[in-house]
Amino acid sequence: MIALTIAGSDSGGGAGIQADIKTFQEHGVFGTSALTALTAQNTCGVHDVMAVTAQFLGNQLRAVLEDFSVKAIKTGMLVNAALMKEVAHHVQTLQVPLVVDPVMIAKGGEHLMEDEAVETLRNVMLPLATVCTPNIPEAERLTGKKITSYADMKRAAHQLLSLGVQCVVMKGGHLHEKAATDYVFMQSGEVFALETPRIDTKQTHGTGCTFSAAVTAQLAKGKTVRQAIIEAKKYIHLAIAYPLHIGHGYGPTNHFA
Ligand code: PLP
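Here is a short report on the structure shown in this document. Here the structure is a predicted model, which is why all the values come from computation and not from measurement.

### Examining the overall build of the protein
- Across its full length, the protein carries 8 helices and 9 strands.
- The C-alpha atoms of the protein give a radius of gyration of 16 Å, which matches the 18 Å a tight globule of 257 residues would have.
- Taken along the three principal axes of its C-alpha coordinates, the protein extends 45 × 45 × 35 Å.
- Per-residue burial over the protein gives 49% buried out of 257 residues.
- For the protein, contacts bridging at least 24 residues in sequence account for 68% of all contacts bridging at least 6.

Below is the structure:
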């Protein structure tokens, strides 16, 4: 099985393309990649970002897609509107599930997406998405409204579903409740909760990338959207529960878990 990640490089190896390929590998899925940007980064922060050109991103996507039978695709850090439009151009005709992780800001506060690109993310990328995996701050940016309760999450999810996203995984980790509950809202009207006990740890760098990559790997293996999300939640829970304790800052999630 082959999956494709379209995302940024994290030189620290905990997030981005590196997290995605490690996660694919752990799921027995062959990982291909198209890089949107390089970051100079470690567990303490993002020091520099260099985006590729839309043309070079297009060349990578063409090279991968003309040779490999890709069964699922994910997007992570997309940086700017031009790169988003390039991705949409290449993936919109493919009959392959697309997981959009709407990466905007790193845990340290560094911007991984230009502010002006949010509209393109919403109007160009989201209508193509099989699954979208926003955390609370990302869902707030995408919908323009504050989220402090389940009712707010539900309203935001419905706003995203109305754009054409098939399934929204609203990640509740930022709500600081006892359990780390995510809520899944499907286009069919089905709603279900993914609940795991909250783990008090700083070792969470790359959690979002790893979760969305695990969903993508499961979809590449032919799982249903529901099953892929449930399996990915189990994987990310273990990846956080057994930290590696490497680096001096927010350590990476444990992809071997
Ligand atoms: N760097 C890259 C390339 C990413 O894609 C991401 C998140 O998606 C990050 C850094 C930030 O990771 P975190 O906020 O988990 O530290």
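Structure shown, so let's carry the discussion forward.
### Re the pairing of strand β4 (residues 72-75)
- Burial along β4 is two-sided: Ala72 and Lys74 and Ile73 and Thr75, pointing in opposite directions, are all buried.
- Two elements, strand β1 (residues 2-10) and β4, share 4 bridges in a ladder whose sense is parallel. Within β4, the residue paired with Thr5 across the bridge is Lys74.
- Relative to strand β5 (residues 98-100), β4 is paired through 3 bridges, and the arrangement is parallel. When the sheet's bridge partners are listed, Ile73 is paired in β5 with Leu98.
- Assessed by its sense of winding, the connection that carries the chain from β4 through helix α3 (residues 81-91) to β5 is right-handed.

### Overview of the site of the ligand
- Around the ligand, the structure places 19 residues, and the nearest of them are Gly8, Ala15, Gly16, Ala106 and Lys107.
- Split by residue class, the shell around the ligand holds 8 nonpolar, 9 polar and 2 charged.

### Points about the packing of helix α2 (residues 54-67) against α3
- Contact geometry for α2 and α3: axes closest at 9 Å, N-to-C directions at 25°. When the axis of α2 is compared with that of α3, the two are roughly parallel. As for how α2 packs across α3, the hand of that crossing is right-handed. Facing Ala54, Leu57, Gly58, Leu61 and Leu65 of α2, the residues of α3 in contact are Ala82, Leu83, Glu86 and His90.
- The residue inventory of the contact of α2 with α3, partitioned by class, reads 6 nonpolar, 2 polar and 1 charged.

### Structural notes on the pairing of strand β2 (residues 30-42)
- Relative to β2, β1 is paired through 9 bridges, and the arrangement is parallel. If you follow Leu4 over to β2, its bridge partner there is Thr32.
- As judged from the 6 bridges shared by β2 and strand β3 (residues 45-51), these two strands associate in the antiparallel manner. Paired with Ala37 across the strands is Ala51, a residue of β3.
- Counting the residues in the hairpin turn of β2 and β3 gives 2 residues.

### Description of the nonpolar core
- Grouped together as the largest cluster of nonpolar side chains are 73 residues, with contacts concentrated most on Ala129, Val168 and Val215.
- With residues up to four places along the chain from it excluded, the contact list for Ala129 reads Leu98, Val100, Val165 and Gln166.

### Points about the packing of helix α7 (residues 207-220) against helix α8 (residues 225-241)
- One can describe the packing of α7 onto α8 by two numbers: an axis separation of 8 Å at closest approach and a directional angle of 140°. In this view, α7 runs oblique relative to α8, as classed from their interaxial angle. Relative to α8, the crossing made by α7 is right-handed. Where α7 abuts α8, its residues Thr207, Thr210, Phe211, Ala214, Val215, Gln218 and Leu219 lie against Gln227, Ala228, Ile229, Glu231, Ala232, Tyr235, Ile236, Ala239 and Ile240.
- For the contact of α7 with α8, the class distribution of residues is 11 nonpolar, 4 polar and 1 charged.

Reading the values: rules and limits
Residues numbered from 1 in each chain as written. Predicted model: local features only at pLDDT ≥ 70, side-chain atom pairs only at ≥ 80, totals over all residues. Helix = DSSP H or I, 4+ residues; strand = E, 2+ residues; numbered from the N terminus. Rg over C-alpha atoms; globule rule 2.2 N^0.38 Å. Buried ≥ 20, exposed ≤ 12 C-beta atoms within 10 Å, placed from the backbone. Contact = placed C-beta atoms within 7 Å. Pairing = 2+ DSSP bridges. Right-handed = clockwise from strand over helix to strand, strands pointing away. Near = placed C-beta within 6 Å. Nonpolar A, V, L, I, M, F, W, Y, C, P; charged D, E, K, R; others polar. Axes fitted to C-alpha atoms, helices over the stretch in contact; angles between N-to-C directions. Parallel < 35°, antiparallel > 145°, perpendicular 65-115°, else oblique. Left-handed = near helix turned anticlockwise from the far one by under 90°. Core = buried A, V, L, I, M, F, W, Y, C linked by C-beta atoms within 7 Å.

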